[in-house]
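Here are the chains, one letter per residue:
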Amino acid sequence: MSDKKKIILTGDRPTGKLHVGHYAGSLKRRVELQDSGEFDKIYIMIADAQALTDNADNPAKIRENIMEVALDYLSIGIDPAKSVIFIQSHVAELTELSFYYMNLVTVSRLQRNPTVKSEIQMRNFETSIPVGFFTYPISQAADITAFQATTVPVGEDQAPMIEQTREIVHKFNAVYGETLTEPHILLPDNQACLRLPGTDGKAKMSKSLGNCIYLSESEEDVRKKVMSMFTDPGHIRVQDPGKLEGNTVFTYLDAFSNEGHFAEYLPEYANLDELKEHYKRGGLGDVKVKKFLNSVMQEELSPVRARRAEYEKKIESVYEILKAGSGQARAAAADTLGKVRHAMRIDYFEDKGFLEEQKQKYQ
Ligand code: TRP
C-alpha cells in the first residue's frame, strides 16, 4: 500500500458503560498493543454517530455516555500520550467518505451482513429500519479507512464489518486507483474472550438483563455478581461431579485467570486444568471456585477502579483530551479525504488541470 505504517483504529458505541465483556473481547488487548510500541498510530473512537443510528430519538443517552466511555478507556490504561481518543461526530470528513462509499455497496450486500441482520431482529425494526442504521457498515468502513488503519482490534461480532470494509477498499482501489489501505481484524487469541457470557450464563450481556460486570463497578458489587454467577445447575452437593460446559464461572476463569493467580489465591492447585479436573470428579464446591474468581476479578479491576477515581477528579482534563484527540483525528481524516477526492477526480479547485481542461474545451 501507499505507506507501510502500522495503524490501529477501533472504537465503541457510547450507549452505556463498558463491561468485562468489552474488556476481555477488545479493551485489554488495546492496551497491550498500545504498550507494545509496535504501532505508528493508534486511534480509539467513541462512535456516537453510529450509536445515533438506532437511538435517534434518545440523544441524551448518547451524550451521557461520552464521558463514561472516555473514563472507561483512561481507567483501563489507554494513555492519551500514546493513543488518540476522539469523538466520531466531530470528524465530519467521515460522513463525506461514507457518502462516496455508498456508491460502491449494494442494498443486497448490506442485507446479507450477518451483524446487521441479527441487530435488525434484536431491535424489532422489521420493515421500519432507519436508513442510517442499515448503512452503518458503510460508515464503519469510513471510520477505518479514514485513518488508513491496518489493524482493527475488535470482538468477533465485528468481523462482518471488517469484511465489508475490505470489500469497499478493493472496489474503491479498483475503480479509482490505489488509495485506501486494506485493514485486518485482530481477534482475541483466547477462545473464552471471544464471547464472554453474562453472569446469568446467557450469551448476550445487556444492561436490561442486569447480567454485566461493569469496569466501573465497586468491589462489593463485583463480589456479589461473581458469587451469584450461573454454574452447573446439576451440581447440587459438593461431592457431585460438575460440568464445565456452559458453566459461566469457568468461562470467566478461562478468560481471566493465570498460574500466578493460583499461586497467590489457591495454591492447592497449580493451574486451571487441575481445578477443572477436581470439579468434574466431584468434591469441589461452587463457592470455593467463585471466591477464587472473585480474587482474580478484583485483581484485574482494582487498578482500573483506582485510575478511574483519579480521572473523575479531573473531568476537565478528560474533556481536553477528547477535544485535542478529535482535532488530531480530524486532521488525519482530512488528509485521506483529500486523497479520495483526488482519486475520484472531484478535487476541482486543488487540481490545476481542471481549469486548463475547461479552458481548452471552451476556447
Ligand atoms: N460497531 C462498533 C461497536 O458496536 C463500534 C465502531 C464504530 C467501530 N466504528 C468502528 C469499531 C470502527 C471498530 C472500527 O462497538
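Source: prediction; values computed, not measured.

**Considerations on the overall build of the chain**
For the chain, the count of helices and strands is 17 helices and 5 strands. Each of the three principal axes of the chain carries a C-alpha extent, and together these read 95 × 45 × 40 Å. Taken over 363 residues, the chain has a buried fraction of 51%. In the chain, the proportion of contacts linking residues at least 24 apart, taken out of those at least 6 apart, comes to 76%.

**Section: unusual backbone geometry**
For Gln148, which is not a glycine, the phi torsion comes out positive at approximately 50°. By the secondary structure assignment, Gln148 is in the loop between α8 (136-146) and β4 (151-153). The exposure class assigned to Gln148 is buried, which follows from its relative accessible area of 9%.

**Comments concerning the pattern of salt bridges**
What the rule picks out here adds up to 24 salt bridges. The salt bridge partner of Arg308 is Glu68, with a shortest N-O separation of 3.4 Å. Of the two residues, Arg308 is situated in helix α15 (residues 286-312) and Glu68 in helix α3 (residues 59-76); the sequence distance between them amounts to 240 residues. A relative accessible area of 6% places Arg308 in the buried class. With its nearest N and O atoms 3.4 Å apart, the salt bridge here joins Lys280 to Glu277. With a gap of 3 residues between them, Lys280 and Glu277 both fall in helix α14 (residues 272-281), about one helical turn apart. One salt-bridge network, in which partners are shared between bridges, spans Glu68, Asp72, Arg308 and Glu312.

**Remarks on the pairing of strand β1 (residues 7-12)**
Most of β1 is tucked away: 5 of the 6 residues are buried. Here β1 runs beside strand β2 (residues 41-46); their pairing, made up of 6 bridges, is parallel. Within β2, the residue paired with Ile8 across the bridge is Ile42.

**Topic: the packing of helix α12 (residues 248-256) against α15**
It is the contact of α12 with α15, at a shortest axis distance of 10 Å, that shows an interaxial angle of 35°. Relative to α15, the crossing made by α12 is left-handed. Of the residues in α15, those touching α12 at Val249, Phe250, Tyr252, Leu253 and Phe256 are Val289, Lys290, Phe292, Leu293, Val296, Met297 and Glu300. A per-class count over the contact of α12 with α15 returns 10 nonpolar, no polar and 2 charged.

**A short note on the side chain of Arg305**
Counting through the fold element by element, Arg305 comes out in helix α15. In this structure Arg305 is buried but unpaired, with Glu219 as the nearest side chain of opposite charge at 4.4 Å. With residues near it in sequence (within four places) discarded, Arg305 still touches Glu217, Ser218, Glu219, Val222 and Gln298.

**Considerations on α3**
Its 18 residues give α3 an end-to-end C-alpha distance of 26 Å, which sits within 8% of 26 Å, the value for a rise of 1.5 Å per residue. Listing the buried residues of α3 in full gives Ile62, Asn65, Ile66, Val69, Ala70, Leu71, Asp72, Tyr73, Leu74, Ser75 and Ile76. In the stretch just after α3, Gly77 is the one whose phi turns positive, near 115°.

**With respect to the state of the cysteines**
Enumeration according to the criterion identifies 0 disulfides in this entry. Here Cys212 is not cross-linked by a disulfide; its sulfur's nearest cysteine counterpart is in Cys193, at 16 Å.

**Remarks on the site of the ligand**
If you check the shell around the ligand, you find 14 residues, and the closest are Met45, Gln50, Gln140, Asp143 and Gln158. Between the ligand and the protein, one listed contact pairs an oxygen atom with a side-chain N or O atom of Arg13 at 3.2 Å. Between a nitrogen atom of the ligand and a side-chain N or O atom of Gln158, the distance comes to 3.0 Å. Against a free-state accessible area of 370 Å², the protein chains account for coverage of 91% of the ligand.

Each value, and the rule that gives it
Residues numbered from 1 in each chain as written. Predicted model: local features only at pLDDT ≥ 70, side-chain atom pairs only at ≥ 80, totals over all residues. Heavy atoms only, no water. Helix = DSSP H or I, 4+ residues; strand = E, 2+ residues; numbered from the N terminus. Buried < 20%, exposed > 50% of the residue type's maximum accessible area, 1.4 Å probe, protein only. Contact = heavy atoms within 4.5 Å. Salt bridge = Lys/Arg side-chain N within 4 Å of Asp/Glu carboxyl O. Pairing = 2+ DSSP bridges. Axes fitted to C-alpha atoms, helices over the stretch in contact; angles between N-to-C directions. Left-handed = near helix turned anticlockwise from the far one by under 90°. Nonpolar A, V, L, I, M, F, W, Y, C, P; charged D, E, K, R; others polar. Lys, Arg positive; Asp, Glu negative; His and termini not counted. Expected span 1.5 Å × (residues − 1). Disulfide = S-S within 2.5 Å. Near = heavy atom within 4 Å. Polar contact = N/O pair within 3.5 Å; in protein donor to acceptor, adjacent residues only side chain to side chain. Areas by Shrake-Rupley, 256 points an atom, 1.4 Å probe, with all protein chains shown as cover.

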